[in-house]
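# Observations on the model geometry
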Amino acid sequence: MDIDEVRDEADRITLSLEGAERRTAFRRLVDSLAPGETGRAEFACELADYLALDGQLDEARQAYRDAIADGGLTSLDPRTGLLSVELAAGDEEASAALLSELLAATRTGSLGAVNIEWVGDLLEEQGRLKEAHRWFTIPLRDVDPDDLDQLPPGCLNGRYRVRRALDLPVDRYDEAALEVQAFYREQSAPRDLQD
């Protein structure tokens, strides 16, 4: 199974099954694959996501840890999923350790903007706005705000939201966020059929 087939299978399960059946299907896939085999880590993350949604935090924690130990390719870094569980469980010590580990990964370039945005979103949801601001800013710090096509829009918009909530003054990145938002609004506006 290649990674595209893995994602197709994950989509099939997600769209065709619900609740315990969905979790069981992902558990069977994880158990059927050898550690390190393509798909095992991704299926473990899918399982963990649905366990967490069902409030089974201990089981979700273990599934994310399995994905981390597996080391296989995943859509999102499983440490970000584990962070969501630790934040939901209120485990400040585990959350702080994961945030430190993930921050170190940003410094080596091994944690991309999508994962960084995910961390920022998690912190924002927890009301930890100053920390969220820091995370949303990480992938922007080496990009000129005038280079709109180089700015990751999720982080740019997250930063803009958090800055408004913190009542911070508008800066060049905020202005860039407004430009990007206007562009996407224009792109999604209904077109006149006569054009």
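Let me begin by describing the structure that accompanies this report. (Residues numbered from 1 in each chain as written. Predicted model: local features only at pLDDT ≥ 70, side-chain atom pairs only at ≥ 80, totals over all residues. Heavy atoms only, no water.)

### Notes on the nonpolar core
Selection criterion: Buried Ala, Val, Leu, Ile, Met, Phe, Trp, Tyr and Cys residues form a nonpolar core when they are joined through side-chain atoms within 4.5 Å. Burial here depends on accessible area, computed with a 1.4 Å probe over protein chains only, as a share of the maximum for the residue type. Under 20% is buried, over 50% is exposed, and the range in between is partly exposed. By definition, any uninterrupted DSSP run of H or I lasting at least four residues is a helix, any uninterrupted run of E lasting at least two residues is a strand, and each is numbered from the N terminus. Contacts between residues were defined by any pair of non-hydrogen atoms, one from each residue, lying within 4.5 Å.
Phe26, Phe43, Leu83, Val119 and Trp135 are the most contacted members of the largest nonpolar core, which has 41 residues in total. Here this core takes eight residues from helix H3 (residues 40–53), the largest share from any one element. Setting aside its immediate chain neighbours within four residues, Trp135 contacts Leu99, Leu102, Leu103, Thr106, Leu111, Ile116, Val119, Gly120 and Leu123.

### A short note on the side chain of Arg23
Tracing the backbone through its elements, the reader meets Arg23 in helix H2 (residues 19–32). Take Arg23: its relative accessible area is 17%, and that puts it in the buried class. Among residues more than four places away in sequence, those in contact with Arg23 are Leu47, Tyr50, Leu51, Asp54 and Gln56.

### Observations concerning the pattern of salt bridges
Close approach of charged atoms lets side chains of opposite charge pair. Put simply, the test is: Just to be clear on terms, a salt bridge is a Lys or Arg side-chain nitrogen sitting within 4 Å of an Asp or Glu carboxyl oxygen.
The full count for this structure, using the stated rule, is 20 salt bridges. With its nearest N and O atoms 2.8 Å apart, the salt bridge here joins Arg163 to Asp174. Pair noted here: Arg163 is in helix H9 (residues 153–165) and Asp174 is in helix H10 (residues 172–188), with a separation of 11 residues, a long-range link. Comparing Arg163 with Asp174 shows no difference in burial state: the two are buried. Ionic contacts of the salt-bridge type, sharing partners, join the residues Arg159, Arg163, Arg164, Asp171 and Asp174 into one network.

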